[in-house]
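So the chains spell out like this:
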Amino acid sequence: MAENKKKMEFNIIKSDPTEGHGGFGAGAFSLDNVSPVIIDVNEKEASIEVGAMHARSPQERGIKFLKTKEEVPNGKPYWLIWVTVERGEKGTYYAGVTACEFTVDRSIRRGYKSLPEHVNRMDKSIKGQVIVDHMDDSSKEVLTKFLQDYDAGMWERSSEQLKTDLQV
């Protein structure tokens, strides 16, 4: 990692601005505790990419996304992982972790992703679900190492389901 690259961090739960008043925005999802992690499958690298919240990660910028994988046969594979962090009795932990695939072919400025899947998986992560069983083994290893290296304590406090589902 380059020395001058700024360190990205997971968003940790902030106070709820709608707490107590029940007015506009009450009951709305808070994205304060969700962070997108992108795994470059070929390079076996993971990084937090806040721009992915709005489909503006470096990997996605300048790419027109098509609806089928077949339209982008030479697409470079990536995983977008929605990581939700919660605070429990013993401290913060990875509560929801869901994976969505996408591909990018820079040479033709086209890519593949299912926007409904990306939105639904973000929602499921916010709700504390773990959906990673469809990932390739190598990417599971990259994600496991990334989460452990980022904060070993958060990893230890996370659910056994997450640890089991990421086991290769």
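Basis of the calculations
Residues numbered from 1 in each chain as written. Predicted model: local features only at pLDDT ≥ 70, side-chain atom pairs only at ≥ 80, totals over all residues. Heavy atoms only, no water. Helix = DSSP H or I, 4+ residues; strand = E, 2+ residues; numbered from the N terminus. Buried < 20%, exposed > 50% of the residue type's maximum accessible area, 1.4 Å probe, protein only. Salt bridge = Lys/Arg side-chain N within 4 Å of Asp/Glu carboxyl O. Core = buried A, V, L, I, M, F, W, Y, C linked by side-chain atoms within 4.5 Å. Pairing = 2+ DSSP bridges. Contact = heavy atoms within 4.5 Å. Patch = residues over 30% accessible without salt bridge, like charges linked within 9 Å, V, L, I, M, F, W, Y side chains within 5 Å. Areas by Shrake-Rupley, 256 points an atom, 1.4 Å probe, with all protein chains shown as cover. Lys, Arg positive; Asp, Glu negative; His and termini not counted. Charge placed at Lys NZ, Arg CZ, Asp CG, Glu CD. Phe/Tyr/Trp six-rings, centres within 6.5 Å; stacked < 30°, edge-to-face > 60°.

A word on unusual backbone geometry. Despite not being glycine, Lys 44 shows a phi value in the positive range, around 55 degrees. If you trace the backbone, Lys 44 turns up in the loop between strand 1 (34-40) and strand 2 (45-48). For Lys 44, a relative accessible area of 52% translates into the label exposed. Even without a glycine there, the phi angle at Ala 55 is positive, about 55 degrees. Take Ala 55: it is sitting in the loop between strand 2 and strand 3 (64-66).

On to the pattern of salt bridges, then. Applying the stated criterion across every chain, the model contains seven salt bridges. Linking Glu 160 and Lys 163 is a salt bridge whose minimum nitrogen-to-oxygen distance equals 3.6 Å. Within this pair, Glu 160 and its partner Lys 163 are both found in helix 4 (residues 160-165), separated by three residues, close to a single helical turn. In this structure Glu 160 comes out as exposed when scored by relative accessible area, which is 56%.

Another aspect to go through is the nonpolar core. The biggest cluster of nonpolar side chains holds 22 residues, and the ones touching the most others in it are Ile 81, Val 83, Tyr 94, Val 97, Met 135, Leu 143 and Leu 147. Those elements giving two or more residues to this core turn out to be strand 1, strand 4 (76-88), strand 5 (91-105), helix 2 (137-150) and helix 3 (152-157). Ile 38, Tyr 78, Leu 80 and Met 122 belong to the second largest nonpolar core, which has 13 residues in total.

Consecutive side chains along a regular strand alternate between the two faces of the sheet. Pairing analysis gives three bridges linking strand 3 to strand 6 (residues 110-113), with the strands arranged parallel. Counterpart to Leu 66 in the pairing with strand 6 is Tyr 112. Taken together, the four bridges between strand 5 and strand 6 define a ladder with antiparallel strand orientation. Looking across to strand 6, one finds that Asp 105 is bridged to Arg 110.

Turning our attention to the pairing of strand 4. As judged from the seven bridges shared by strand 1 and strand 4, these two strands associate in the antiparallel manner. Within strand 4, the residue paired with Ile 39 across the bridge is Trp 79. Sheet topology note: the strand 4/strand 5 ladder contains 13 bridges and is antiparallel. By the bridge assignment for strand 5, Gly 88 is matched with Gly 91.

Attention shifts here to the environment of Ala 99. Relative to the helices and strands, Ala 99 resides in strand 5. Sequence-wise, Ala 99 and Val 132 are 33 residues apart; in three dimensions their C-alpha atoms are separated by 5.5 Å. Discounting chain neighbours no more than four positions away, the residues touching Ala 99 are Trp 79, Leu 80, Ile 81, Arg 121, Ile 131, Val 132, His 134 and Met 135.

Taken together, the side chains of Lys 64, Arg 106, Arg 109 and Arg 110 present a region of like positive charge at the surface. In this fold, Lys 64 is placed in strand 3.

With that settled, the discussion passes to the packing of aromatic side chains. Under the counting rule described, the total for this entry stands at three aromatic pairs. Between Phe 65 and Phe 102 the ring centres are 6.3 Å apart and the planes differ by 75 degrees, which places this aromatic pair in the edge-to-face class. Highlighted residues: Phe 65 in strand 3 and Phe 102 in strand 5, separated in sequence by 37 residues. Note on Phe 102: relative accessible area 1%, which makes it buried. A centroid spacing of 5.1 Å and a plane angle of 15 degrees characterise the contact between Tyr 78 and Phe 102, whose relative ring orientation is stacked.

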